[in-house]
Amino acid sequence: MTVTAAVTAGASVTAARTGQDARVKRYDCVVVGAGPAGSTTAYRLAREGASVLLLDRARFPRDKPCGGGVTGRAARLLPFSIDPVVEEVVTIAELGLGYDKRVERGSGKPLVYMTQRKRLDAYLVEQAAAAGVEFRDGTKVSGIETNGKSAKVRVNGDSIAARTVVGADGINGVSARVLELGGNQAVGVALEGNLPYGRIDRERFRGRLLIDFATVPGGYAWVFPKGDHVNFGVGGSTEEGPRLREHLRRLCERHGAELDDLGEIRGFRLPMRLASSCLSRGPALLVGDAAGLVDPASGDGMYEGILSGSHATGAVLDVLEGREETLDPYGPRLTRQLAPLLWASWSIKAALDRFPRTSFALAQTQLVWNVVERILQGDLADVRLTRGPARPLLKALALLARAAGDPGRAFRPAG
């Protein structure tokens, strides 16, 4: 099913399942935003029999600035395979410090599945529509009203009624603002561009990703392989925004490319939530980037977005089936699961930012990498459970993080 067909089919399937006149705009859930978090939430709810309307302001297929990597742990959370849109499988991570010292890590197992958001997001929407979701693209949401037990979503001067609403429209969307939910501890910035393989050696990047630390204050530089091009990108703290283009230029030069040869250069923001931020209230909740669920160290939000969608599905079903009166339990439940990872991520980020050489020396060891790989593949959710010879090295990194101010201490699990 194509995205165009999905827009049409979704409405007819929903009407048939619910027995409603399509003109009566009442749904169990309206999901605002059709990125990975929104589409997977909609899919899961529809599979459970809920009537779901999925909205996005862009016309699909559409692209979004993003590195386009789906980690093994994120792929494992998906309720279906994304093989049809995977362009490259990464098994090797080439890590550098300041473009100089370089090491290769990887056990041979898949680390990251590389795709493009215009392909991935369209594919996820198609799966949602096939499950019975009504999808409307090119639809701008102008407001959301809640009364504690239901919601109304304003679209093109019309009002759509729903029992629940899920805000999945990212950091630039309307949901978090009008619902007065969320709140970020920090917002990173990034800039990326694409270089066709005709202008660079494809074999150099086949099956591997490159990450260079201590190159951009508050972040790093990356090179990701795709089907017909290589994605070059840099990300860092908000203050680096005016200098990102020069950082990108330097990255290109150090890896045999020219900035002027890149196409589709674009910037984006990376929201990192406050531990105290409220993610749900009454009949509304936030998922993905709208909730600030970007990993502080990696800048990845795919895993967190999909995970939040899974939690959102459970919370909405609890309301629809009478087990809960509101979506309020969603936020604390999600935070409890993510807290160990966010604490560890803030710790490694702080250590690398403040003490790059010492932190890199520890982090690039095979012992620590084995832990990182288990996290990326979804086999380890809490670094505190690590035993054996890697534990002293992880404790050393934690001490460096504390010396750097311990910005993730609010996420540190008790005990």
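That block above? That's the structure.
Not measured: the values here are computed from a predicted model.

Asks: Would you take a moment to explain the overall build of the chain for this structure?
Replies: Looking only at helices and strands, the chain has 12 helices and 18 strands in total. Taking 415 residues into account, the globule formula puts the C-alpha radius of gyration at 22 Å, and the chain, at 21 Å, falls close to it. Dimensions of the chain, computed from C-alpha atoms along their principal axes, come out at roughly 65 × 55 × 40 Å. Taking all 415 residues of the chain together, 56% fall into the buried category. Long-range pairs, those at least 24 residues apart, make up 74% of the contacts in the chain between residues at least 6 apart in sequence.

Asks: So what exactly am I meant to see when it comes to the sheet that holds strand β13 (residues 208–213) here?
Replies: Strand pairing in a sheet is mediated by backbone hydrogen bonds. Such pairs are either parallel or antiparallel. Across the sheet, seven strands lie side by side as β6-β5-β13-β14-β15-β12-β16; this open sheet has mixed pairing. Strands with a single pairing partner mark the edges of an open sheet, and in this sheet they are β6 (101–105) and β16 (263–278). Averaged over neighbouring strand pairs, the angle between their axes works out to 20° when direction is ignored. The pairing of strand β5 (residues 92–97) with β13 spans six bridges and is parallel. Across the sheet, residue Ala 93 finds its bridge partner in β13, namely Leu 209. Packing against the sheet, helix α7 (residues 244–254) makes contact with β12 (182–196), β13, β14 (220–225), β15 (229–236) and β16, and its axis sits at approximately 135° to β15.

Asks: Just checking my understanding: could you explain the packing of aromatic side chains for this structure?
Replies: Two numbers describe a pair of aromatic rings. These are the distance of the centres and the angle of the planes. Tallying each qualifying case throughout the model produces eight aromatic pairs. Measuring from ring centre to ring centre gives 4.9 Å for Tyr 43 and Phe 80, while their planes differ by 75°; the resulting arrangement is edge-to-face. In this pair, Tyr 43 sits in helix α2 (residues 36–47) while Phe 80 sits in the loop between α3 (72–77) and β4 (88–90), placing the two residues 37 residues apart along the sequence. Using a relative accessible area of 14% as the deciding quantity, one classes Phe 80 as buried. With centroids separated by 6.5 Å and ring planes inclined at 75°, the aromatic side chains of Phe 205 and Phe 232 adopt a geometry described as edge-to-face.

Asks: Mind showing me how you'd approach the environment of Leu 97 here?
Replies: Relative to the assigned elements, Leu 97 resides in strand β5. Under the relative-accessibility criterion, Leu 97 is labelled buried at 9%. Spatially, the C-alpha atom of Leu 97 lies 40 Å from that of Val 166, the residues being 69 residues apart in sequence. Residues within four places of Leu 97 in sequence aside, it is in contact with Phe 213, Ala 214, Pro 356, Arg 357 and Phe 360.

Criteria and cut-off values
Residues numbered from 1 in each chain as written. Predicted model: local features only at pLDDT ≥ 70, side-chain atom pairs only at ≥ 80, totals over all residues. Heavy atoms only, no water. Helix = DSSP H or I, 4+ residues; strand = E, 2+ residues; numbered from the N terminus. Rg over C-alpha atoms; globule rule 2.2 N^0.38 Å. Buried < 20%, exposed > 50% of the residue type's maximum accessible area, 1.4 Å probe, protein only. Contact = heavy atoms within 4.5 Å. Pairing = 2+ DSSP bridges. Axes fitted to C-alpha atoms, helices over the stretch in contact; angles between N-to-C directions. Phe/Tyr/Trp six-rings, centres within 6.5 Å; stacked < 30°, edge-to-face > 60°.

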